[in-house]
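Each chain, letter by letter, is given below.
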Amino acid sequence: MGITISNISKSYKNVKALQDISFDVKPGELFGLIGPDGAGKTTLFRILTTLLIANEGTATVVGFDVVADYKKIRNSVGYMPGKFSLYQDLTVEENLSFFATIFGTTIEENYDLIKDIYVQIEPFKDRRAGKLSGGMKQKLALCCALIHKPKVLFLDEPTTGVDPVSRKEFWDMLKRLQQKDITILVSTPYMDEAALCDRIALIQHGKILEIDTPQAIVKHYPKQIYNVRANNMYQLITSLNKYEHHHSVYPFGEFVHYTDNRADINPNDLILYLESNNLLDVEIAKTVATIEDTFMELAK
Amino acid sequence: MNNNKVIQVEGLTKMFGDFTAVNAITFDVKKGEIFGFLGANGAGKTTAMKMLIGISNPTSGKAKVAGFDVFTHAEDIKKNIGYMSQKFALYDDLTVKENITFFGGIYGLSRKRIKEKSTVLIEELGLEKVANKLVGSLPLGWKQKLSFSVSLLHDPKIVFLDEPTGGVDPITRRQFWEMIYKAADQGTTVFVTTHYMDEAEYCDRVSIMVDGKIEALDTPKKLKEQFNAETMNNVFLKLARG
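(A) A look at the sheet that holds strand β7 (residues 158–162) of chain B. Residue and element names in this part refer to chain B. Spatial ordering of the open sheet is given by β6-β7-β8-β3-β9-β10, a layout of six strands whose pairing is mixed. At either margin of the open sheet sits one strand with a lone partner, and together these are β6 (81–85) and β10 (213–218). For this sheet, the mean inter-axis angle between neighbouring strands, taken without regard to orientation, is 15°. As paired elements, β7 and strand β8 (residues 189–193) share five bridges and run parallel to each other. Within β8, the position partnered with Val159 by the bridge is Val190. On top of the sheet, helix α1 (residues 45–52) reaches β3 (34–39), β6, β7, β8 and β9 (205–210); it is set at about 155° to β7, its chief contact.

In structure tokens form, the structure reads like this:
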């Protein structure tokens, strides 16, 4: 009774936003849709929340069909769109009681569910929503999406543009909500957040690249990755890209993640090559793949 | 002034009523440096940046950007810097070529120079096929790369980048950073804000703002030592949580 998606396609004029998408989200699962801007994440959210009709395919949410039973779905799901869409001219408390009323409930009735989050913005309950900081707006939007105790929660890029501290707090909140039997479908462009989901789908250009647990996805990475470091990052990247055996060269924090197109390599050869390109303090060490490595390999 | 320092800031402060958005910040940025300007939402980054690019008057303190005083020579600063924000990119209803021509004109480049620049830039970005397409139809990553190139059209001494890679796919994000390295390698100073902590590691030096103040400033390596943290993400979490 979570979410089922079967062969969903959607086009806008000549843009194929979604191409034959199929996957299921199990009840109680925290499922991540991971992909960059323009991948089709929002289109899929709008189809599942009954705001948009697909060209092909079917989907159900908590057992209801997104087309035939759209009204029932609207009562059973919470949706937090990527763009802040509360009433800027209403106060924090007015927004919350407005959404409660629309769904025929009261703030008191489901206060348990939002308490943890609401106490953080309660000191500002008389402030207009438009005057809140980014982090507080996000918490209010989450409260409004939860006030009718939905069975499924759709969160479209809740952490985009949010600093690492607030992002971490937000994910802690999601983990607590999951324990209250709410199925969560969340999208994000931040690959590091993928590891916090039970399962993830990597999506780009309207197609699913892979679906699995984050642990399994990184295990499937086909090559050995090397962390390479030297005294000059720009020259290091340029030199590695010119190396005849290179397969991929991606900066990763203080290192470059390098893969070779040969099955077996001797790191000393690479060190010699880089030193002959005037790089100093060259270090090479084996490392393990991240979700981001996998995404880039699949998207290549 | 010391020619090697292209940004010099001392006790720079901005107040909105009783609220101190930027609280006496002091730092220098060297020529050709990639300087990361980090902080939580609401820490005062954007306000500080607006003062440095000459569009917001400081309440007090001193600041020189590209050799010009922010109080008295804001217009000269604007001619000598490039600026790119995530929100204001380019004109969606103009083509790639038209955008380049328009911004070249704004920066006062000659027609001949605009033509030359335009050809080089389109080739470097691999945009030959879409040169006459509307910018609005391009993917976000392409727009951001184009926007960065446009901010460098007039060969500014410093380029200010406000969250240039938010929401961009991981491959394009890295191509974007290769462009930043290249610009810095050619002597352009890069002043950049980001919420991606792996990108903080790409900077020569990083400052972290907390509640209007600069609470830490050093190379990523030294910051990690100072805060006994393995990654910049952990440095950030330790600092911003207080």
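(B) Fine view of the pairing of strand β7 (residues 152–156) of chain A. All names here are of chain A. Most of β7 sits inside the fold, with five of its five residues counted as buried. Side-chain alternation along β7 places Val152, Phe154 and Asp156 on one buried face and Leu153 and Leu155 on a second face that is also buried. Looking at chain direction, strand β6 (residues 77–80) and β7 are connected through four bridges and run parallel. Within β7, the residue paired with Val77 across the bridge is Val152. Following the chain from β7 across helix α6 (residues 164–178) to the adjacent parallel strand β8 (residues 183–188), one finds a crossover that is right-handed.

(C) Geometry of the interface of chain B and chain A. Facing 28 residues of chain B, the contacting portion of chain A comprises 29 residues. In this assembly, chain B packs against chain A so that about 2,500 Å² is buried in total across both faces, 62% of it on carbon and sulfur atoms. Linking chain B to chain A there are three salt bridges. We note a salt bridge from B:Arg174 to A:Glu292, for which the minimum N-O separation is 3.0 Å. Linking chain B with chain A are six residue pairs in polar contact (both at pLDDT 80 or more). Within the residue set of the side of chain B that touches chain A, elements represented by two or more residues are α6 (170–185), α7 (197–200) and α9 (232–241) of chain B. Take the side of chain B that touches chain A: its biggest share by element is eight residues, from α6(B). When grouped by side-chain class, the residues that make up the side of chain B that touches chain A number 12 nonpolar, five polar and 11 charged.

(D) Spotlight on the pattern of salt bridges. For the structure on display, the rule yields 27 salt bridges over all chains. A salt bridge links A:Glu292 to B:Arg173; its shortest N-O distance comes to 2.7 Å. With A:Glu292 in helix α10 (residues 291–299) and B:Arg173 in helix α6, this pair bridges two chains. Comparing A:Glu292 with B:Arg173 shows no difference in burial state: the two are buried. Several salt bridges share partner residues, and in doing so they unite A:Arg229, A:Glu254, A:Glu283, B:Glu201 and B:Lys224 into one network.

(E) Looking closely at the domain arrangement of chain A. Residue and element names in this part refer to chain A. Domain annotation of chain A identifies domain 1 (3–217) and domain 2 (225–298). A separation of 38 Å is found between the C-alpha centroids of domain 1 and domain 2. With 13 residues of domain 1 in contact, the opposing surface of domain 2 contributes five residues. Approximately 750 Å² of surface area, both sides summed, lies buried where domain 1 meets domain 2, with 83% of it carried by carbon and sulfur atoms. Summed over the three residues of domain 1 that lose the most area to domain 2, namely Met191, Leu202 and Leu209, the buried surface amounts to 60% of that side. For the pair domain 1 and domain 2, the interface holds zero salt bridges. At the level of secondary structure, the elements contributing two or more residues to the side of domain 1 that touches domain 2 comprise β9 (199–204), β10 (207–212) and α7 (214–219). With four residues, β9 is the largest single contributor of residues to the side of domain 1 that touches domain 2.

(F) Up close: the sheet that holds β7(A). Residues and elements named next belong to chain A. Pairing within the open sheet is mixed, and its six strands lie in the order β6-β7-β8-β3-β9-β10. The open sheet is flanked by β6 and β10, the only strands paired with a single partner. Ignoring which end each strand starts from, the neighbouring axes of this sheet average 15° apart. As paired elements, β7 and β8 share five bridges and run parallel to each other. Within the sheet, the bridge partner assigned to Leu155 lies in β8 and is Val186. This element, helix α5 (residues 134–146), spans β6 and β7 of the sheet and lies at about 160° to β6.

(G) Layout of the side chain of A:Thr294. All names here are of chain A. Secondary-structure assignment places Thr294 in helix α10. By relative accessible area, which is 4% here, Thr294 ends up buried. At a separation of 3.1 Å, a polar atom in the side chain of Thr294 contacts the main-chain carbonyl oxygen of Thr290. With residues near it in sequence (within four places) discarded, Thr294 still touches Leu202, Glu210, Ile217, Val218 and Tyr221.

(H) Seen up close, the packing of helix α8 (residues 233–242) of chain A against α6(B). Between α8(A) and α6(B), the shortest axis-to-axis distance is 9 Å and the interhelical angle comes to 120°. Regarding the angle of α8(A) to α6(B), the classification is oblique. Crossing angle aside, the handedness with which α8(A) passes α6(B) is left-handed. On α6(B), the residues touching A:Met233, A:Tyr234, A:Ile237 and A:Asn241 of α8(A) are B:Glu178, B:Tyr181, B:Lys182 and B:Asp185.

(I) Geometry of the packing of aromatic side chains. Scanning the model with the defined rule gives 21 aromatic pairs over all chains in all. Both rings, one in B:Trp177 and one in B:Tyr202, keep their centres 5.1 Å apart while their planes meet at 70°; by these two values the pair is edge-to-face. Of this pair, B:Trp177 sits in helix α6 while B:Tyr202 sits in the loop between α7 and β9, and the two are 25 residues apart along the sequence. With a relative accessible area of 5%, B:Tyr202 lands in the buried category. In this structure, A:Arg167 packs its charged tip against the face of A:Tyr190, placed 3.7 Å from the ring centre. If you follow B:Arg174 out to its NZ or CZ, it ends over the ring of A:Phe252, 4.2 Å from the centre.

Definitions and cut-offs
Residues numbered from 1 in each chain as written. Chains lettered and ligands numbered in written order. Predicted model: local features only at pLDDT ≥ 70, side-chain atom pairs only at ≥ 80, totals over all residues. Heavy atoms only, no water. Pairing = 2+ DSSP bridges. Helix = DSSP H or I, 4+ residues; strand = E, 2+ residues; numbered from the N terminus. Axes fitted to C-alpha atoms, helices over the stretch in contact; angles between N-to-C directions. Contact = heavy atoms within 4.5 Å. Buried < 20%, exposed > 50% of the residue type's maximum accessible area, 1.4 Å probe, protein only. Right-handed = clockwise from strand over helix to strand, strands pointing away. Buried area = accessible area lost by both parts, 1.4 Å probe. Salt bridge = Lys/Arg side-chain N within 4 Å of Asp/Glu carboxyl O. Polar contact = N/O pair within 3.5 Å; in protein donor to acceptor, adjacent residues only side chain to side chain. Nonpolar A, V, L, I, M, F, W, Y, C, P; charged D, E, K, R; others polar. Domains from an automatic or database assignment. Parallel < 35°, antiparallel > 145°, perpendicular 65-115°, else oblique. Left-handed = near helix turned anticlockwise from the far one by under 90°. Phe/Tyr/Trp six-rings, centres within 6.5 Å; stacked < 30°, edge-to-face > 60°. Lys NZ or Arg CZ within 6 Å of the ring centre and 35° of its normal.

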